[in-house]
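# Examining the three-dimensional arrangement
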Amino acid sequence: MLPAMRVTAREALAALYGTVRLIRLKPDGFGWFDASLDGFWRSFAAAALVAPLYLVSLALWPGTVQAPSPDPLRFIALKSIAYLMGWVAYPLVMVSVLRLIDRERHMFRYLVAYNWFQVPKEALFFTLAALYAAGAMPGRAAEFLSLAAFAATLFYFWYIAKAALETDGYTAAGLVLIDLTLGLVISGIADRA
């Protein structure tokens, strides 16, 4: 049975503070997360928190909205399903992978931090998209900054995996590659549907 999924404001603020600590490369940030099974389930509140930012970013960013049909509701539904699949697929895969690499004992610490890190990540990409759409940033600058933001995101996903799982950099890089591959597959399927 699933635990109560309601996250308190106190828990969300603590998790966001922990995320800021991790962004500053302070491993004590993990102490601000509820790394229990219940905390894991509640960390998916981050998905609801950033979903509007994600959808608006899609609409604002150049070249990302290319609906395959003139039906905008179908397009939004496909992107929403892909968004939800992205949130579920990686943790499901990690259950087996972390068992395989003998890091299952750190699973909740890792995945809770991973989920909450999505909040500043989506806020960053939303900000870039909004600045571009408002004309505050030329196209080349937007492309450069989005590429830099993507690289920074990959770095932080790597850092979170390495620190939370107490593993080496190569293993952490492999987990980031799995995450990236899953995201590309899910996005590709949604774009072709």
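A short tour of the structure in this document, coming up. (Residues numbered from 1 in each chain as written. Predicted model: local features only at pLDDT ≥ 70, side-chain atom pairs only at ≥ 80, totals over all residues. Heavy atoms only, no water.)

Regions of empty space are outlined by a rolling probe, equal in size to a water molecule, passed over the atoms. Quantified by volume, the second largest pocket comes out at close to 200 Å³. As for the second largest pocket, its lining consists of 13 residues, and the residues nearest its centre are Phe40, Trp41, Phe44, Val88 and Pro91. Listing elements by their share of the lining of the second largest pocket, those giving two or more residues are helix 2 (37–42), helix 4 (72–100) and helix 5 (107–133). It is helix 4 that contributes the most residues to the lining of the second largest pocket, 6 residues altogether. Of the residues belonging to the lining of the second largest pocket, the class tally is 13 nonpolar, no polar and no charged. (1 Å grid on protein atoms, 1.4 Å probe; cavity = no way out; pocket = protein on both sides within 12 Å on 5 of 7 lines; lining within 4 Å. Points joined across faces, edges and corners; volume = space filled by probe spheres on them. Helix = DSSP H or I, 4+ residues; strand = E, 2+ residues; numbered from the N terminus. Nonpolar A, V, L, I, M, F, W, Y, C, P; charged D, E, K, R; others polar.)

What follows concerns the packing of aromatic side chains. Evaluated as defined, the whole model comprises 16 aromatic pairs. Between Phe155 and Trp158, the ring centres sit 5.8 Å apart and the planes meet at 35°, which makes this aromatic pair tilted. Separated by 3 residues within a single helix, Phe155 and Trp158 lie in helix 6 (residues 139–165), roughly one turn from each other. Pairwise contacts between aromatic rings join Tyr90, Tyr110, Tyr114, Phe117, Phe155, Tyr156, Phe157 and Trp158 into one cluster. Sitting above the plane of the Phe30 ring, Arg109 keeps its charged end 5.9 Å from the centroid. (Phe/Tyr/Trp six-rings, centres within 6.5 Å; stacked < 30°, edge-to-face > 60°. Lys NZ or Arg CZ within 6 Å of the ring centre and 35° of its normal.)

Turning to the packing of helix 6 against helix 7 (residues 169–192), a few remarks are in order. Between helix 6 and helix 7, the shortest axis-to-axis distance is 8 Å and the interhelical angle comes to 125°. Between helix 6 and helix 7, the angle is such that the two are oblique. Seen from above, helix 6 lies across helix 7 with right-handed handedness. Residues Phe150, Leu154, Phe157, Trp158, Ala161, Lys162 and Leu165 of helix 6 touch helix 7, and the partners they reach there are Gly169, Ala172, Ala173, Leu175, Val176, Asp179 and Leu180. A class-by-class count of the residues in the contact of helix 6 with helix 7 yields 11 nonpolar, 1 polar and 2 charged. (Axes fitted to C-alpha atoms, helices over the stretch in contact; angles between N-to-C directions. Parallel < 35°, antiparallel > 145°, perpendicular 65-115°, else oblique. Left-handed = near helix turned anticlockwise from the far one by under 90°. Contact = heavy atoms within 4.5 Å.)

Here we come to the side chain of Glu11. Take Glu11: it is sitting in helix 1 (residues 9–23). Within the structure, Glu11 has its side chain in polar contact with the side chain of Arg42 (distance 2.7 Å). (Polar contact = N/O pair within 3.5 Å; in protein donor to acceptor, adjacent residues only side chain to side chain.)

With that out of the way, let us pick up helix 1. Over its 15 residues, helix 1 extends 21 Å from the first C-alpha to the last, a length consistent with the 21 Å expected when each residue adds 1.5 Å. Taken together, the buried positions of helix 1 are occupied by Glu11, Ala12, Ala14, Ala15, Gly18, Thr19, Arg21 and Leu22. Buried residues along helix 1 sit in contact with helix 2, helix 5 and helix 6. (Expected span 1.5 Å × (residues − 1). Buried < 20%, exposed > 50% of the residue type's maximum accessible area, 1.4 Å probe, protein only.)

A separate point is helix 5. For helix 5, built from 27 residues, the straight-helix expectation of 39 Å at 1.5 Å per residue is met to within 8% by its first-to-last C-alpha distance of 39 Å. Of the residues one or two after helix 5, Gly135 is the one with positive phi, at around 80°.

On to the nonpolar core. Grouped together as the largest cluster of nonpolar side chains are 36 residues, with contacts concentrated most on Phe33, Met94, Tyr110, Trp116 and Leu175. Elements that contribute at least two residues to this core include exactly helix 1, helix 3 (45–60), helix 4, helix 5, helix 6 and helix 7. Among the elements that make up this core, the one with the highest residue count is helix 5 (9 residues). (Core = buried A, V, L, I, M, F, W, Y, C linked by side-chain atoms within 4.5 Å.)

Let us look at the pattern of salt bridges. Taken as a whole, this structure holds 7 salt bridges when the rule is applied. Its salt-bridge partner being Glu122, residue Lys121 comes within 3.3 Å of it at the nearest N-O pair. Classification of Lys121 by relative accessible area gives buried; the value is 16%. Three or more residues joined by partner-sharing salt bridges are found here, namely Glu11, Asp34 and Arg42. (Salt bridge = Lys/Arg side-chain N within 4 Å of Asp/Glu carboxyl O.)

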